[in-house]
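# Report on the structure
Spelled out from the first residue to the last, the chains are:
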Amino acid sequence: MTSAPIDTTTTAPVAIVGAGPAGLMLAHRLGRVGIECVNIDIRTREEIETTHRAGIIEAVAAQDLVDTGVSDRILRDGHEHPGVDLRFGGQSHRIDFQEHVGASVWLYPQTDVFIDLADARARDGGTVHFGVTDTEVGDVITEQPYMRFTAADGARHEVRAQFLVGADGSRSVCRDLVPEGERTQYFREYPFAWFGFMTQAPQSAPELVYTHSPHGFALLSQRTDTVQRMYFQCDPEESVDAWSDERIWEKMQQIVAGPDGFTCQEGPVLEKTVLRFRSFVQQPMRYGTLLLAGDAAHTVPPTGARGLNLALHDVKVLAGVLQRAVGSEGESALADYEPGALERVWRAQNFSYWMTQMLHAAPGASDFDLRRQMGELDNVVATRAGRTYLAEQYTGWPSDER
Ligand code: PHB
C-alpha cells in the first residue's frame with residue numbers, strides 16, 4: 001500500500017491489470033469497437049519480450065491475429081505444423097492433424113505474439129503502461145472499481161473504470177480481490193518440472209517431438225533454422241548451474257535414443273531455466289465488476305501447449321461480453337462470461353493433465369507404471385479414435401461443435 005498522492009485521475013470503460021497477450025488482445029478487441037482501455041503491467045516491455053514461453057498457436061487463434069488486424073506476421077514468420085510426433089519405446093509415431101481433424105497448429109513463439117500485440121496497441125494509440133509499481137486495485141463490488149499505480153516516470157495515476165479485468169498472470173493480485181469465502185481454488189502440483197533451454201543447432205525434426213522414456217520426458221521444439229527450443233524432465237528443485245552443455249546433451253540423447261537411431265542435433269546451449277508447473281483454476285471468474293482472464297484464472301502445465309490458446313479464448317468471449325456491458329445491457333451482461341469461458345477451461349485442464357501424466361515418469365515409478373503408460377501411448381497412436389482424440393484436443397476444439 002502506498003499513500004502517495006494521485007497526480008492524475010482518469011476514467012475509462014475498462015481497466016486491465018496485465019499487459020501480456022491476454023490483456024493486450026482484450027484491449028485490442030475492445031479498441032476495434034471503440035471501447036478504450038488502459039493496461040498496466042509491473043514488468044517492462046523488454047522483460048516480457050525476453051521471457052521464453054510456449055510456441056504453439058491454434059489455427060483459429062492465429063487467424064484471429066490476422067483477421068482482427070493485429071498483424072499477419074504469424075503467416076510469414078510462423079510455421080504451420082500439420083502434425084506432431086509422439087515418441088516412446090524408442091520409436092516415433094506421427095499424429096497427422098490434417099488427416100484426422102483437418103486442422104494445423106502454428107509454431108510462433110508467445111514472445112512474438114506479445115510483440116505483435118504491443119506494436120498494434122502503440123500503432124492504434126492504446127494506453128499501455130509497462131514497468132509500473134505500487135499497484136492498488138479495489139471497489140470491485142461497486143460500479144466504479146479503481147486501479148492505482150505509479151508509472152515508470154514516477155507519476156501516480158488513478159483510473160476509475162466501469163469494469164476491471166485481472167489479466168495479471170499466474171501470480172495475480174486481482175484474483176485475491178475475491179474474498180476467500182466467495183471463491184474456490186482448485187489445484188494440483190506435480191512432482192517434476194521442465195528444464196528448458198535454447199540451443200544454436202539445426203532442427204532435429206520438422207515437427208514437435210514429445211518423448212516418453214524410462215529416463216523421463218523430453219520435448220523437441222523449434223524456433224528458427226538455427227535456434228531450437230528443448231525441454232527435459234527434471235526435479236522441481238533442480239539448479240540450472242548443475243547442468244553443463246555436455247551433461248544436458250547426454251541426458252537428451254539418453255531420453256530420445258531408440259532402435260531407429262534418432263538423435264538430437266547438438267549445439268551450444270544458450271539459456272537455461274527450470275519451469276515448475278501446476279494445474280490451477282479459481283472460480284468464479286467474475287466477482288462484481290471484476291473479471292479474471294488467462295493465467296490469473298487458470299494455469300495449465302505446458303505439456304499440451306494450451307495456456308496461451310486458452311487465454312486468447314477467454315478474452316474473445318470477454319470482449320463480446322464487455323462490449324454488451326459497456327453498451328446498453330450494463331452489468332447484467334457479465335453473467336455470460338463464465339459460462340462462455342469455463343467449459344474450455346476444464347477441457348484444457350483435462351487435456352494438459354492427461355498429456356502430462358501420460359508422458360512423464362513420476363519419481364519412483366515402477367516398471368508396471370512405465371509399461372502401462374506405454375500401453376496408453378500405444379492406444380493413442382495405434383487406434384484411429386486415439387489419434388483423432390489427440391489431434392482434436394491439440395489443435396483446439398471447433399467452436400461450432402454443439
Ligand atoms: C515451445 O515451443 O516452447 C513449446 C511447444 C509445445 C509445448 C510447450 C512448449 O507443449
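Data block above holds the structure.
Here goes a summary of the coordinates provided.

The rules we used
Residues numbered from 1 in each chain as written. Predicted model: local features only at pLDDT ≥ 70, side-chain atom pairs only at ≥ 80, totals over all residues. Heavy atoms only, no water. Helix = DSSP H or I, 4+ residues; strand = E, 2+ residues; numbered from the N terminus. Expected span 1.5 Å × (residues − 1). Buried < 20%, exposed > 50% of the residue type's maximum accessible area, 1.4 Å probe, protein only. Axes fitted to C-alpha atoms, helices over the stretch in contact; angles between N-to-C directions. Parallel < 35°, antiparallel > 145°, perpendicular 65-115°, else oblique. Contact = heavy atoms within 4.5 Å. Nonpolar A, V, L, I, M, F, W, Y, C, P; charged D, E, K, R; others polar. Core = buried A, V, L, I, M, F, W, Y, C linked by side-chain atoms within 4.5 Å. Pairing = 2+ DSSP bridges. Near = heavy atom within 4 Å. Polar contact = N/O pair within 3.5 Å; in protein donor to acceptor, adjacent residues only side chain to side chain. Areas by Shrake-Rupley, 256 points an atom, 1.4 Å probe, with all protein chains shown as cover. Right-handed = clockwise from strand over helix to strand, strands pointing away. 1 Å grid on protein atoms, 1.4 Å probe; cavity = no way out; pocket = protein on both sides within 12 Å on 5 of 7 lines; lining within 4 Å. Points joined across faces, edges and corners; volume = space filled by probe spheres on them. Disulfide = S-S within 2.5 Å.

Here helix α6 (residues 110-123) contains 14 residues, and its C-alpha end-to-end distance of 20 Å stays within 8% of the 20 Å for a straight helix at 1.5 Å per residue. Of all the 14 residues making up α6, 10 are buried; the element is thus mostly covered by neighbouring parts of the structure. Every buried residue belonging to α6 is among Gln-110, Thr-111, Asp-112, Val-113, Phe-114, Asp-116, Leu-117, Ala-118, Ala-120 and Arg-121, and all of these are buried. Within two residues after α6, Gly-125 carries a phi angle of roughly 80 degrees, on the positive side.

A separate point is the packing of helix α8 (residues 307-329) against helix α9 (residues 337-359). Taken N-terminus to C-terminus, the directions of α8 and α9 make an angle of 170 degrees; their axes are 9 Å apart at the nearest point. Overall, the two elements α8 and α9 adopt an arrangement that is roughly antiparallel. Contacts between α8 and α9 pair Leu-310, His-313, Asp-314, Val-317, Leu-318 and Val-321 from the former with Tyr-337, Gly-340, Ala-341, Arg-344, Val-345 and Ala-348 from the latter. Residue composition of the contact of α8 with α9, grouped by class: 8 nonpolar, 2 polar and 2 charged.

Attention now goes to the nonpolar core. In terms of nonpolar packing, the biggest core is built from 72 residues, with Leu-26, Ile-57, Met-147, Leu-322 and Tyr-337 touching the most fellow members. In terms of residues, this core owes the most to one element, α8, which gives 11 residues. Listed in part, the 29 residues of the second largest apolar core include Val-105, Tyr-231, Phe-351 and Leu-377.

In this section: the sheet that holds strand β4 (residues 79-81). The 3 strands are arranged β3-β7-β4 in an open sheet whose pairing can be described as antiparallel. Because the sheet does not close on itself, it has two edges, and the strands there are β3 (56-58) and β4. Geometrically, the sheet is characterised by an average inter-axis angle of 35 degrees between neighbouring strands, direction not taken into account. As judged from the 3 bridges shared by β3 and strand β7 (residues 105-107), these two strands associate in the antiparallel manner. Across the sheet, residue Ile-57 finds its bridge partner in β7, namely Trp-106.

Let's shift gears to the site of the ligand. Close contacts around the ligand come from 15 residues, with Tyr-210, Ser-221, Arg-223, Tyr-231 and Pro-302 the closest. Between the ligand and Tyr-231, the relevant distance is 2.5 Å, taken from an oxygen atom to a side-chain nitrogen or oxygen of the residue. Between the ligand and Thr-303 there is a distance of 3.4 Å, counted from an oxygen atom to a backbone nitrogen or oxygen. Protein coverage of the free-state accessible area of the ligand, which is 280 Å², stands at 99%. Looking at the shell around the ligand, the elements with two or more residues in it are β14 (218-222) and β15 (227-234). Classifying every residue of the shell around the ligand gives 9 nonpolar, 3 polar and 3 charged.

This part takes up the pairing of strand β2 (residues 37-40). Residue alternation in β2 divides its side chains into two sets, Cys-37 and Asn-39 and Val-38 and Ile-40, and both sets are buried. In this structure, strand β1 (residues 8-17) lies alongside β2, joined through 4 bridges in parallel fashion. Within β2, the position partnered with Val-14 by the bridge is Cys-37. In this view, the connection linking β1 to its parallel neighbour β2 by way of helix α1 (residues 21-32) has right-handed handedness. Taken together, the 3 bridges between β2 and strand β8 (residues 127-129) define a ladder with parallel strand orientation. Residue pairing in the sheet places Asn-39 in a bridge with Val-128 of β8.

Throughout the structure, instances matching the rule amount to 1 cavity of 30 Å³ or more. Each pocket or cavity is described by its volume, and for the largest cavity that value is around 40 Å³. For the lining of the largest cavity, the secondary structure elements donating two or more residues are β14 and β15. Of the residues forming the lining of the largest cavity, the biggest block, 3 residues, is contributed by β14. For the lining of the largest cavity, the per-class residue count stands at 3 nonpolar, 5 polar and no charged.

The next subject is the state of the cysteines. Scanning all chains against the criterion turns up 0 disulfides. Summary of cysteine pairing: Cys-174 is not part of a disulfide, and the nearest cysteine sulfur, belonging to Cys-37, is at 14 Å. Left without a disulfide partner, Cys-234 is nearest to the cysteine sulfur of Cys-264, which lies 16 Å away. In this structure Cys-234 comes out as buried when scored by relative accessible area, which is 8%.

An order of β6-β5-β13-β14-β15-β12-β16-β19 is seen for the 8 strands of this open sheet, with the pairing classed as mixed. Each edge of the sheet is formed by a strand with only one pairing partner; in this case those strands are β6 (91-96) and β19 (298-299). Here strand β13 (residues 209-211) pairs with β14 via 3 bridges, running antiparallel. Within β14, the residue paired with Val-209 across the bridge is Leu-220. Sitting on the sheet, helix α7 (residues 245-256) is in contact with β5 (83-88), β12 (184-200), β13, β14, β15 and β16 (269-283), with an inclination near 75 degrees to β15. Strands in contact with helix α10 (residues 367-382) are β5 and β6; relative to β5, the strand with the most contacts, it is inclined by about 150 degrees.

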